[in-house]
Amino acid sequence: MPTALITGITGQDGSYLAELLLEKGYKVIGMVRRSSTVTWERIEHIKSDIEIVSGDLHDQSSLMTLVREVQPDEVYNLAAQSFVPTSWSQPTLTGEVTGLGVTRLLEVIRLIKPDTRFYQASSSEMFGKVREVPQREETPFYPRSPYGVAKVYGHWITVNYRESYNLYAVSGILFNHESPRRGLEFVTRKITDGVARIKLGLADSLALGNLDARRDWGFAKDYVRAMWLMLQQEQPDDYVVGTGETKSVREFCQAAFAYVGLNYEDYVVQDPRFYRPAEVDLLVSDPSKARDKLGWEPTVRFEELVSLMVEADLARLSS
């Protein structure tokens, strides 16, 4: 039975990945930071099937103890300060966790269990002010937030350890992926939660920032399958994962409100507080390498994703 260690197991991706690995017969170990409040809700239903251990990407000795005890066959590094707006108010923390945390983990693997296969969660935010459309593995990075900058560091240090120490280390450059488990602070979930509240008479408007920002949105459950596939290949390599389609925040609003029979223009107000200091206008992937080499395809399309999320928020708020 292979053993997988997931950092960030309580997050959206961590919870879906844990489910997938359990289905595939893995022993799943999740690393969580010691804190007075841990949000277990995403993994509550599988808590008895996984092992939870303490560790922190700030603290190399905790990672050494962990890897020595667990002896993982695969490590999925999904832990990060992952909310882009927060990266402006906490840029140093974001660099420490999202950037340097990757180095600490790779260094521990190199020293203690160099045959471990390592997955790094890279991000389409690394492309930022895009140099070409669509974005593929060779597209130059131009990050537009402290988060994007930290992710670029995490990405290149992974490549560096692969090439310098011959580690099996890969980066998945994942474009935006959403689900009913997405945090409420993220724009897609903010929209679907807002739509459900308005439909149920719990709110009468929804304040958003830039409605014209365009993203490549997919379903998180599809994307964790790509992570697993990357670690099953003969040779380690990096892959762009996305749908290849781009939609604006406005179109997301349109689809979400239309699902409950409402017109978004009657409820959405633009609020300058939610604009980014430096905006990322257009992200759209070229996932052909993942399709050709991994045999990966998204199964859930945009409209279905939006309705899934609105439906889940309606059910949650109704109860």
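Everything below is about the structure shown above.
In this text the structure is predicted, and so the values were computed from the model without any measurement.

K.L.:
In this structure, what is going on with the overall build of the protein? I would like to understand it.
P.N.:
Helix and strand counts for the protein come out as 10 helices and 13 strands. For 319 residues, the compact-globule estimate of 2.2 N^0.38 gives 20 Å, and the C-alpha radius of gyration of the protein, at 19 Å, lies within 12% of that figure. Taking the principal axes of the C-alpha coordinates as reference, the protein spans close to 60 × 45 × 40 Å. Counting over 319 residues, the protein shows a buried share of 55%.

K.L.:
Is there a simple way to think about the environment of Asp238 in this case?
P.N.:
On the secondary structure map, Asp238 appears in the loop between α7 (220–230) and β11 (239–241). Its relative accessible area of 9% is what places Asp238 among the buried residues. Sequence spacing of Asp238 and Ala150 is 88 residues, and the spatial spacing of their C-alpha atoms is 17 Å. Among residues more than four places away in sequence, those in contact with Asp238 are Glu137, His155, Val159, Arg162, Val170, Ser171 and Lys289. Of note is the side chain of Asp238, whose polar atom sits 2.9 Å from the backbone nitrogen of Ser171.

K.L.:
Is there a simple way to think about the environment of Tyr275 in this case?
P.N.:
Examined against the element boundaries, Tyr275 turns out to sit in the loop between β13 (268–270) and α9 (288–294). A relative accessible area of 40% means that Tyr275 is categorised as partly exposed. Residues in contact with Tyr275, not counting those within four places in the same chain, are Gly209, Asn210 and Gln270.

K.L.:
Please clarify how the nonpolar core should be interpreted in this entry.
P.N.:
Inside soluble globular proteins, nonpolar side chains tend to come together where they are buried. Core analysis: the largest hydrophobic core is formed by 61 residues, its most contacted members being Ile6, Leu17, Leu21, Tyr76, Tyr119, Ile191 and Met230. For this core, the element with the most residues is α7, which contributes 8 residues. Apart from the residues lying within four places of it in its own chain, the contact partners of Tyr76 are Ala4, Leu5, Ile6, Thr7, Leu17, Leu21, Tyr119, Met227, Trp228, Leu231 and Gln232. Residues Leu5, Val53, Val97 and Val102 belong to the second largest nonpolar core, which totals 22 residues.

K.L.:
Explanation requested: the pairing of strand β1 (residues 3–7) in the structure shown.
P.N.:
Regular strands place their side chains on alternate faces of the sheet. Within β1, 5 of the 5 residues are buried, leaving the element largely enclosed by the surrounding structure. Residues of β1 alternate between two faces, with Thr3, Leu5 and Thr7 on one and Ala4 and Ile6 on the opposite face, all of them buried. Sheet topology places β1 next to strand β2 (residues 27–32); 5 bridges connect them, and they run parallel. Following the sheet pairing, Leu5 is matched in β2 by Ile29.

K.L.:
Even after reading the chapter, I still don't get the side chain of Lys113, so can you show me in this structure?
P.N.:
Looking at where Lys113 falls in the secondary structure, it is placed in the loop between α4 (91–112) and β5 (117–123). Exposure remark for Lys113: the relative accessible area of 10% places this residue in the buried category. Here Lys113 is in contact with Val67, Gln71, Pro72, Asp73 and Val108, once residues within four sequence places are set aside.

Analysis parameters
Residues numbered from 1 in each chain as written. Predicted model: local features only at pLDDT ≥ 70, side-chain atom pairs only at ≥ 80, totals over all residues. Heavy atoms only, no water. Helix = DSSP H or I, 4+ residues; strand = E, 2+ residues; numbered from the N terminus. Rg over C-alpha atoms; globule rule 2.2 N^0.38 Å. Buried < 20%, exposed > 50% of the residue type's maximum accessible area, 1.4 Å probe, protein only. Contact = heavy atoms within 4.5 Å. Polar contact = N/O pair within 3.5 Å; in protein donor to acceptor, adjacent residues only side chain to side chain. Core = buried A, V, L, I, M, F, W, Y, C linked by side-chain atoms within 4.5 Å. Pairing = 2+ DSSP bridges.

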